[in-house]
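Reading the structure
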Amino acid sequence: PNEAMGQRGQLLGDKYKVKSIPTLVLLDEIGNVITTDARNKIPMDKAGIGFPWRSPMSVLVSTLVPKSFRLLIKSQLEGVLK
(Lines give C-alpha, C1' and ligand atoms only; values in the text may rest on other atoms or scores of the structure.)
Protein backbone atom coordinates (compact mmCIF):
# COMPACT_ATOMS: atom_id res chain seq x y z
CA PRO A 1 0.00 0.00 0.00
CA ASN A 2 2.78 2.47 0.81
CA GLU A 3 4.42 2.07 -2.62
CA ALA A 4 1.09 2.49 -4.38
CA MET A 5 0.55 5.80 -2.63
CA GLY A 6 4.08 7.14 -3.15
CA GLN A 7 6.02 8.50 -6.10
CA ARG A 8 6.45 5.07 -7.72
CA GLY A 9 2.71 4.46 -7.52
CA GLN A 10 2.06 7.85 -9.08
CA LEU A 11 4.47 7.11 -11.93
CA LEU A 12 2.91 3.71 -12.59
CA GLY A 13 -0.59 5.20 -12.38
CA ASP A 14 0.33 7.83 -14.95
CA LYS A 15 2.06 5.33 -17.24
CA TYR A 16 -0.88 2.91 -17.28
CA LYS A 17 -3.62 5.57 -17.04
CA VAL A 18 -5.03 4.26 -13.76
CA LYS A 19 -8.34 5.93 -12.99
CA SER A 20 -9.32 4.07 -9.81
CA ILE A 21 -7.92 1.78 -7.16
CA PRO A 22 -7.79 -1.19 -7.21
CA THR A 23 -6.61 -1.60 -10.80
CA LEU A 24 -4.97 -4.66 -12.34
CA VAL A 25 -2.85 -4.10 -15.44
CA LEU A 26 -1.69 -7.20 -17.31
CA LEU A 27 1.67 -6.96 -19.13
CA ASP A 28 3.34 -9.37 -21.54
CA GLU A 29 6.87 -10.70 -21.20
CA ILE A 30 8.46 -7.55 -22.62
CA GLY A 31 6.34 -5.07 -20.71
CA ASN A 32 3.67 -4.23 -23.28
CA VAL A 33 0.15 -3.76 -21.97
CA ILE A 34 -2.18 -6.68 -22.67
CA THR A 35 -5.11 -5.10 -20.84
CA THR A 36 -5.69 -2.36 -18.29
CA ASP A 37 -9.03 -3.97 -17.43
CA ALA A 38 -7.85 -7.31 -15.97
CA ARG A 39 -9.68 -6.65 -12.71
CA ASN A 40 -13.02 -6.70 -14.53
CA LYS A 41 -12.08 -9.49 -16.95
CA ILE A 42 -11.28 -12.01 -14.20
CA PRO A 43 -14.84 -12.25 -12.80
CA MET A 44 -16.26 -12.42 -16.34
CA ASP A 45 -13.91 -15.28 -17.31
CA LYS A 46 -13.55 -17.32 -14.11
CA ALA A 47 -12.42 -20.43 -16.01
CA GLY A 48 -9.66 -18.43 -17.72
CA ILE A 49 -10.74 -19.57 -21.18
CA GLY A 50 -9.85 -16.23 -22.79
CA PHE A 51 -6.74 -15.64 -20.66
CA PRO A 52 -4.62 -13.59 -21.16
CA TRP A 53 -7.27 -11.58 -23.01
CA ARG A 54 -5.04 -10.39 -25.82
CA SER A 55 -6.27 -8.79 -28.98
CA PRO A 56 -6.08 -11.08 -32.04
CA MET A 57 -3.43 -8.82 -33.61
CA SER A 58 -1.13 -9.00 -30.57
CA VAL A 59 -1.45 -12.82 -30.56
CA LEU A 60 -0.41 -12.89 -34.21
CA VAL A 61 2.58 -10.59 -33.61
CA SER A 62 3.79 -12.46 -30.51
CA THR A 63 3.50 -15.76 -32.40
CA LEU A 64 5.27 -14.68 -35.59
CA VAL A 65 7.86 -12.19 -34.32
CA PRO A 66 10.64 -13.51 -32.05
CA LYS A 67 10.85 -12.00 -28.56
CA SER A 68 14.39 -10.68 -29.15
CA PHE A 69 13.23 -8.76 -32.22
CA ARG A 70 10.18 -7.36 -30.39
CA LEU A 71 12.48 -6.16 -27.58
CA LEU A 72 14.80 -4.51 -30.12
CA ILE A 73 11.89 -2.70 -31.77
CA LYS A 74 10.49 -1.64 -28.40
CA SER A 75 13.84 -0.19 -27.28
CA GLN A 76 14.24 1.66 -30.59
CA LEU A 77 10.74 3.13 -30.34
CA GLU A 78 11.28 4.20 -26.74
CA GLY A 79 14.44 6.03 -27.83
CA VAL A 80 12.57 7.87 -30.58
CA LEU A 81 9.57 8.75 -28.43
CA LYS A 82 11.61 10.28 -25.58
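Values in this document were obtained by computation on a predicted structure and should not be read as measured data.

Here's the deal with the overall build of the protein chain
- Looking only at helices and strands, the protein chain features 5 helices and 2 strands.
- For a compact globule of 82 residues, the expected C-alpha radius of gyration is about 12 Å, and the protein chain comes in at 15 Å, more than 25% above that figure.
- For the protein chain, the C-alpha atoms occupy an extent of roughly 40 × 35 × 15 Å along the three principal directions.
- Residues classed as buried in the protein chain amount to 16% of the 82 residues present.
- By sequence separation, contacts in the protein chain at least 24 residues apart represent 26% of the contacts at least 6 residues apart.
- Total accessible area on the protein chain is roughly 6,700 Å²; 63% of this is exposed by carbon and sulfur atoms.
- Seen as two clouds, the 12 positive and the 7 negative side-chain charges of the protein chain have centres 1 Å apart.

Observations concerning the confidence of the model for the protein chain
- Residue-level pLDDT values for the protein chain average 81, and 93% of them are 70 or greater.
- No element of the protein chain has a lower mean pLDDT than helix H1 (residues 2-5), which averages 67, and none a higher one than strand S1 (residues 26-27), which averages 88.

Points about the environment of Leu 12
- Along the chain, the position of Leu 12 falls in helix H2 (residues 7-15).
- Here the alpha-carbon distance between Leu 12 and Ile 42, two residues 30 residues apart in the chain, equals 21 Å.

Criteria and cut-off values
- Sequence positions are assigned chain by chain, starting from 1 and proceeding in written order.
- The predicted origin of the model limits local features to residues at a pLDDT of at least 70 and limits the giving and counting of side-chain atom pairs to 80 or more, whereas totals for whole chains, interfaces and linings rest on all residues.
- As a convention, hydrogens and water are excluded, and side-chain values are obtained from all of the structure's heavy atoms.
- The helix and strand labels rest on DSSP assignments: H or I over at least four residues marks a helix, E over at least two residues marks a strand, and numbering proceeds from the N terminus.
- Every radius of gyration here is taken over C-alpha atoms, with the globule rule written as 2.2 Å times N^0.38, N being the number of residues.
- Whether a residue is buried, partly exposed or exposed follows from its accessible area with a 1.4 Å probe, protein chains only, as a fraction of its type maximum: under 20%, in between, or over 50%, in that order.
- In what follows, residue pairs with any heavy atoms lying within 4.5 Å of each other are defined as contacts.
- In short, Shrake-Rupley with a 1.4 Å probe defines the accessible areas, and a residue's cover is counted only from the protein chains shown.
- Counting rule applied: Lys, Arg positive; Asp, Glu negative; His and chain ends not counted.
- A charge is said to be at NZ when it belongs to Lys, at CZ for Arg, at CG for Asp and at CD for Glu.
- A residue's pLDDT is simply how confident the predictor is in it, with values from 0 to 100.

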